Amino acid sequence: MDMHLSSNNGPAVESNEAELHSAVPVRERLVVVGNGMAGMKTVEELLAKAPGRFDITVFGAEPHPNYNRIMLSPVLAGEKTFDQIVLNSREWYDANGIALLTGEAVESIDRAGKMVVSQSGRVVPYDRLLIATGSMPFIIPVPGSTLPGVIGFRDLADVDAMLAAAAKGGRAVVIGGGLLGLEAANGLRVKGMEVTVVHLMPTLMERQLDPSAGMLLQRELERRGIEVLTGADTAEIVGNNREGGEWVSAVRLRDGRELPADIVVMAVGIRPNMALGKAAGVECGRGIRVDDRMRTSDPSIYAVGECVEHRGVTWGLVAPLFEMAKVLAHDLAGGEGAAYTGSVTSTKLKVTGVDVFSAGDFSGGAGTEDIVFRDAARGVYKRLVLKDGKLLGAVLYGDTKDGAWYFSLLKDGADVSAERDTMIFGQGFGSADAGDPNAAIAALPDSAEICGCNGVCKGTIVKAITEKGLTSLDEVKAHTKASASCGGCSGTVERLLAVTLGDGFTAAPKVKPMCKCTRHTHDQVRAAIVDRGLKTMAEVFQAMEWTTPDGCASCRPALNYYLLCAWPGEYRDDYQSRYINERAHANIQKDGTYSVVPRMWGGLTNAAELRAIADVVDKFAIPTVKVTGGQRIDLFGVKKEDLPAVWADLNAAGMVSGHAYAKGLRTVKTCVGSEWCRFGTQDSTGLGVKLERMTWGTWTPHKVKLAVSGCPRNCAEATIKDLGVVCIDSGYELHVGGNGGLHVRACDLLVRVGTEEEVLEYTGAFMQLYREEARYLERTAPWVERVGLDHIKAALVEDPERRRDLNARFLFSQTFSQDDPWAERAAKGVDRHEFNLLAEVG
Amino acid sequence: MDTAASETVWTQVGSIDDIPVLGSRVVRTPGGDIALFRTAADEVFALEDACPHKQGPLSQGIVHGRRVTCPLHSWVIELATGEAVAPDEGRTGHVPVRVEGRSVSLALAEAKLSRGGCRKACGHV
């Protein structure tokens, strides 16, 4: 079927070009539409394989010779000039006998007559035609997207437009936080503009990077002064009248925010530029469809590069284009057997000083495993995804020197079982010092900061080790304060000891880490969150060198609590890091149904509430109703999908969630006190209600139960509660750290006070001290035993100022937590997905 | 060509965007509830919504990496295979999943369910 290869039955004599190829044999005419990287790579390869085989004419819509489009970013950033990125000069075209027509787009193809017609009306016949028209920036269809001042990032004209705008200073908004958008943002920032990146997805470059690497990249760009808004959806581009006409003035987001802009760079993606092929009736899908030999549906017409769709895939990176070009050149040169079968690609961000690399598929799939390495001191994150002994994908941040090695292992499908344990450290680990973390530490300059909390440099530590003869981590801590705060750098300090002392160093005995994802303890992680201002889980993972991509069911709820406690009002609760009871705001039971407990303040209820409960029980056929030990009513056997409706009815009667499921304030148990009881000394019920109103809704390391007894007979069992108040004639005794559970522990007496106000202040302060100091899932009883009553007395009793501060912090955090979760879910539809099926089939 | 029987039937059940990242949603089928999980890397897996231990609803667990921890007794189950992670032993059924664009489909007929010898009538739904 290669009739067309013998060719030249075409009308060579019809050529209207001045220079006729009268020599015999007459050469085939190859016309290339597109003077970009894919088309010209094909021509270069063809010239190398079969020089002189074709008469070649190249059309370029841009007025330049062929240049390296992927180097436009450095041109924008001022690191390169245009001349430095020109691939083939006009002299090269001349020397190779290629007719180059720049600034001249091809308008149409006459397939029957086998000729192309250009913008200026020039008609050029072909025997074979190569379409290499590349792609166009995708312009999101929002109002204002065609305003002057909205620029794509595709060619030199775009770069010139950006540079012209940057010369005036002002503000740029870049829509799109992918590869191109970030390179544009960096270039504009370097050129002195105020830059905001607007990105629809939650993390930057989500197609190339995982969330961990995306977070590191975002921090680095922010450090460079680029504002990054993720999860930001552009609604409209706004314009106004400036000198000389209408011009873009702002980008308005879906949530109402408006970002002033002097230019808007649209870099949300590219679309294959297939208009020419489509108009000529060549088969197109998302791009011009080609087979493995880059042939279109017309046997005389080929296509390569970003304008094609091959096996259902379109490409926007340079490596696949070059691979296509090689196959096509081989074919055009008369070779056989070459086939393009798709590409494995890798990505690097071209932002000077930011090392990012990704390759292959790191979304994994069945049976894959992750190897994660983080080095907080060097700002390194590496993740390899393996399957069946082979490397499937790699993400590198901060240290990309092994990117090429990983990429070759990945492309070759090499068996890496033997290197599995050490390959994360890089090529040749073990055989030499390459990639060895100790060697990496040894290579750091003396000025490198090791301990971020206390600002201790490598040189200081090494000097202390050698001059003072230090041999252990604890000694380094004592002498230099390195790793004395959060301990996040303790691994690095140990490596420094190992490097400095050689065999003279033995590592410290291991402490019990939070979980298998980290070597750090709860206390170290907590200290790091506060001391180093870590405000997201991803930041904690990186700073504390987590060995998993997204933690586990043990550390995530703990971190979520620690962050929530440290940054009230600032940290956004991570829903998926909560146990199901706290997600569904009900208690899961052994059969998968839930139990519902409305709050009864201080154990008080009334006819209206009881009636509403009875109605709910009837309406939803709730099988079991039980009075709890915490003086309220528990409804068992509620179906999950019924929960919002049950709550709606209870809310309507004025009842709110009892948080019987929460690591938080559960109940305040009371006796009736002086209002009814002949022994009562104070209004214990009223005080209980006040305490419950103050403390409900708080999140704590574990559940918290309070009680108030009206006299020392202690009918409310206050002395086995987390905090119990026992009323006496002269005032109130405050008891703490009791527990009636598995290990019964009676409270310790903390203090006696005279007024209800003091009870409330002590309670708030105690709650906050527990919140800030106890480990996640540690009840007050083991906490009090661990830190000792004296420690608590010192903070609360002996230091009134600290007590007031703690109470103030507690009350502040309460301003963010006292929303009834049932009301939000029943009436406002919050987390609706939690209670509905995705689908019902069959 | 006797391919009629071997042709996989895919049942579309929703969009990947309907499943929270590191979360789960339930699809109710005549054969019992199927839990769909979405990982941080946007993979989707489908398991029988019952832990091999005491039939705890895995859809209510915490998803981490490519595993889910059962909400009842913290067994850890591999999303791709339904296997319990050692030292626990057991396997829950899994269903082939196909994601095309944002659309998620299940091959329900090819599900390898373990409910055959179910001790209870799966009454937790």
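Residues numbered from 1 in each chain as written. Chains lettered and ligands numbered in written order. Predicted model: local features only at pLDDT ≥ 70, side-chain atom pairs only at ≥ 80, totals over all residues. Heavy atoms only, no water.

1. A look at the environment of A:Gly533
Residues and elements named next belong to chain A.
Argument step 1. With respect to the helices and strands, the residue Gly-533 is situated in the loop between helix H16 (522–531) and helix H17 (537–543).
Argument step 2. Judged by its relative accessible area of 28%, Gly-533 falls in the partly exposed class.
Argument step 3. Residues Gly-533 and Gly-393 lie 140 residues apart in sequence; the distance between their C-alpha atoms is 32 Å. (Helix = DSSP H or I, 4+ residues; strand = E, 2+ residues; numbered from the N terminus. Buried < 20%, exposed > 50% of the residue type's maximum accessible area, 1.4 Å probe, protein only.)

2. Concerning the UniProt feature "domain: Nitrite/sulphite reductase 4Fe-4S" (unreviewed entry) in chain A
Argument step 1. With numbering aligned to this structure, UniProt lists the feature "domain: Nitrite/sulphite reductase 4Fe-4S" (unreviewed entry) at residues 662–798 of chain A.
Argument step 2. A helix fraction of 34% and a strand fraction of 22% characterise residues 662–798 of chain A, whose end C-alpha atoms lie 32 Å from each other. (UniProt positions renumbered as here; feature names shortened; annotations may be inferred.)

3. Examining the domain arrangement of chain A
Residues and elements named next belong to chain A.
Argument step 1. The domain boundaries assigned to chain A delineate domain 1 (3–12 + 26–135 + 272–332), domain 2 (150–268), domain 3 (355–439), domain 4 (440–569), domain 5 (580–661) and domain 6 (665–817).
Argument step 2. Each of domain 1 and domain 2 has a C-alpha centre, and the two are 32 Å apart.
Argument step 3. Contact residues are listed per partner, giving 14 residues for domain 1 and 14 residues for domain 2.
Argument step 4. Here domain 1 packs against domain 2, burying approximately 1200 Å² in sum over the two surfaces, 65% of which is carbon and sulfur.
Argument step 5. If you sort the residues of domain 1 by the area they bury against domain 2, Leu-72, Ser-73 and Leu-76 come out on top, with a joint share of 47%.
Argument step 6. Our count for the contact surface shared by domain 1 and domain 2 stands at one salt bridge.
Argument step 7. We note a salt bridge from Arg-154 to Glu-306, for which the minimum N-O separation is 2.4 Å.
Argument step 8. Counting residues per element, the side of domain 1 that touches domain 2 draws most heavily on helix H3 (residues 72–76), at four residues. (Domains from an automatic or database assignment. Contact = heavy atoms within 4.5 Å. Buried area = accessible area lost by both parts, 1.4 Å probe. Salt bridge = Lys/Arg side-chain N within 4 Å of Asp/Glu carboxyl O.)

4. Brief notes about the confidence of the model for chain A
Residues and elements named next belong to chain A.
Argument step 1. Across chain A, pLDDT averages 88, with 94% of residues at or above 70.
Argument step 2. Per-element mean pLDDT across chain A ranges from 37 in helix H1 (residues 3–6) up to 97 in helix H23 (residues 756–773).
Argument step 3. Contacts of residues 1–23 to residues separated by more than four positions or lying in other chains number 22 contacts, the stretch itself having pLDDT below 50. (pLDDT = per-residue confidence, 0-100.)

5. What about the interface of chain B and chain A?
Frequently, the measure chosen for interface size is the accessible area removed from exposure when the parts meet.
Argument step 1. Counting residues at the interface gives 35 residues for chain B, matched by 40 residues for chain A.
Argument step 2. When chain B packs against chain A, close to 2800 Å² is buried across both sides, 57% of that on carbon and sulfur atoms.
Argument step 3. Notably, a salt bridge pairs A:Asp370 with B:Arg66, separated by 3.7 Å at the nearest N-O pair.
Argument step 4. The tally of links between chain B and chain A comes to 14 residue pairs in polar contact (both at pLDDT 80 or more). (Polar contact = N/O pair within 3.5 Å; in protein donor to acceptor, adjacent residues only side chain to side chain.)

6. Remarks on the environment of A:Phe835
All names here are of chain A.
Argument step 1. Its place among the elements puts Phe-835 in the loop between helix H27 (821–826) and strand S37 (839–840).
Argument step 2. It is 9.5 Å that separates the C-alpha atoms of Phe-835 and Lys-639, two residues lying 196 residues apart in sequence.
Argument step 3. Once residues within four sequence positions are removed from consideration, Phe-835 is found in contact with Ala-584, Lys-640, Glu-641, Leu-643, Pro-644, Trp-647 and Arg-825.

7. Some remarks on a negative patch on the surface
Argument step 1. On the surface, a cluster of negative charge is contributed by A:Asp790, A:Glu798, A:Asp799, A:Glu801 and A:Asp805.
Argument step 2. Position of A:Glu798 relative to the elements: it lies in the loop between helix H25 (789–796) and helix H26 (800–817). (Patch = residues over 30% accessible without salt bridge, like charges linked within 9 Å, V, L, I, M, F, W, Y side chains within 5 Å. Areas by Shrake-Rupley, 256 points an atom, 1.4 Å probe, with all protein chains shown as cover. Lys, Arg positive; Asp, Glu negative; His and termini not counted. Charge placed at Lys NZ, Arg CZ, Asp CG, Glu CD.)

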